[in-house]
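Okay, here's what each chain looks like letter by letter:
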Amino acid sequence: MTEPQIERYRRQIMLPEVGLDGQEKVNKGKILVIGTGGLGSPALFYLAAAGVGTIGLMDDDTVNLSNLNRQILHLTRDIDRMKTESAAEKLSLLNPDVKLEIYPFRLTAENGAEIIADYDFIIDATDNTKSKYLINDLCVKGEKAFSHGAICGMRGHTFTYRPGSPCCRCLFGVDNALEDINNSVPVGVLGTIAGIIGAIQATEAIKYLTGTGDLLTGRLMCFDSLTMTAETIKFSQRSHCVCHK
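Residues numbered from 1 in each chain as written. Predicted model: local features only at pLDDT ≥ 70, side-chain atom pairs only at ≥ 80, totals over all residues. Heavy atoms only, no water.

J.: How would you explain the state of the cysteines if you had to name every residue and give the values?
T.: In this structure the tally under the stated criterion is zero disulfides. Free cysteine: Cys152, not disulfide-bonded; nearest cysteine sulfur from Cys222 at 13 Å. Taking relative accessible area as the criterion, Cys152 reaches 47% and is therefore assigned partly exposed. (Disulfide = S-S within 2.5 Å. Buried < 20%, exposed > 50% of the residue type's maximum accessible area, 1.4 Å probe, protein only.)

J.: Explain the environment of Ile233 to me, and be specific about the residues and the numbers.
T.: Mapping Ile233 onto the fold places it in strand 8 (residues 229-234). Overall, Ile233 belongs to the partly exposed group, its relative accessible area being 37%. Among all residues touching Ile233, those that are not within four sequence positions of it are Gly218, Arg219, Leu220 and Cys222. (Helix = DSSP H or I, 4+ residues; strand = E, 2+ residues; numbered from the N terminus. Contact = heavy atoms within 4.5 Å.)

J.: Run through unusual backbone geometry, naming residues and quoting values.
T.: For Glu143, which is not a glycine, the phi torsion comes out positive at approximately 55 degrees. Structurally, the position occupied by Glu143 is in the loop between helix 7 (129-142) and strand 5 (145-152). On the basis of relative accessible area, Glu143 is assigned to the exposed category, the value being 60%. A positive phi angle, near 50 degrees, is found at Met228, a position not held by glycine.

J.: Explain the environment of Cys243 to me, and be specific about the residues and the numbers.
T.: Mapped onto the elements, Cys243 comes out in the segment after strand 8. Separated by 103 residues in sequence, Cys243 and Val140 place their C-alpha atoms 6.6 Å apart. The contacts of Cys243, once residues within four sequence positions are left out, are Asn136, Asp137, Val140, Cys167 and Arg169.

Following this line, the structure appears as structure tokens:
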């Protein structure tokens with residue numbers, strides 16, 4: 001690393017759990033964030049700030065006014081821009097050393113495996129059921145670690161998968177692909193909840209790259225802002241899960 005890089009990441013390098021070796025792992029790491037909205041915005045911001053070497057941004061949507069209460073990478077002037085373009089602009093300003101790979105289209109069963117194969121860790125920052133199960137299935141089959149996150153109202157949850165651990169279908173007991181959530185019926189959400197869960201997802205990604213701490217594998221972390229409580233629920237791999245047959 002260069003002297004300016006060492007100075008930029010000094011406060012991380014000072015951590016005994018990270019150190020210079022850990023920071024170099026972060027700098028060489030490759031993370032794909034699928035969704036650059038509520039969850040993706042804080043996750044991307046912290047990953048770029050941490051110095052992740054290559055960050056992939058995938059989203060086929062454009063910025064609209066109702067996004068701005070929670071999708072903090074986007075500004076009022078970005079309305080009608082592609083979210084990937086808007087997000088990449090802010091991340092480049094934050095940390096020009098980070099290499100950004102832009103995917104301004106939706107993840108599909110046809111393109112997903114090839115794209116995911118290039119990354120060390122995947123962050124599911126999508127907002128629909130079909131995409132979440134697709135990401136889960138591609139990562140399990142491709143033996144890729146990923147962070148699942150979801151928010152609704154004033155609550156959110158997240159867990160981490162790595163090869164050999166229980167997956168989304170183990171947790172939710174779904175053995176068949178689900179239909180898309182009807183996006184014509186939006187649900188309310190407190191913007192800060194997206195920030196909390198997205199930041200946890202970024203933390204898990206950094207921990208995975210550095211090999212430090214315990215990941216949220218086999219554990220669903222649920223956060224409730226109304227009571228300001230967090231509950232961790234353990235879950236196991238299902239013997240009949242279609243992903244593990």
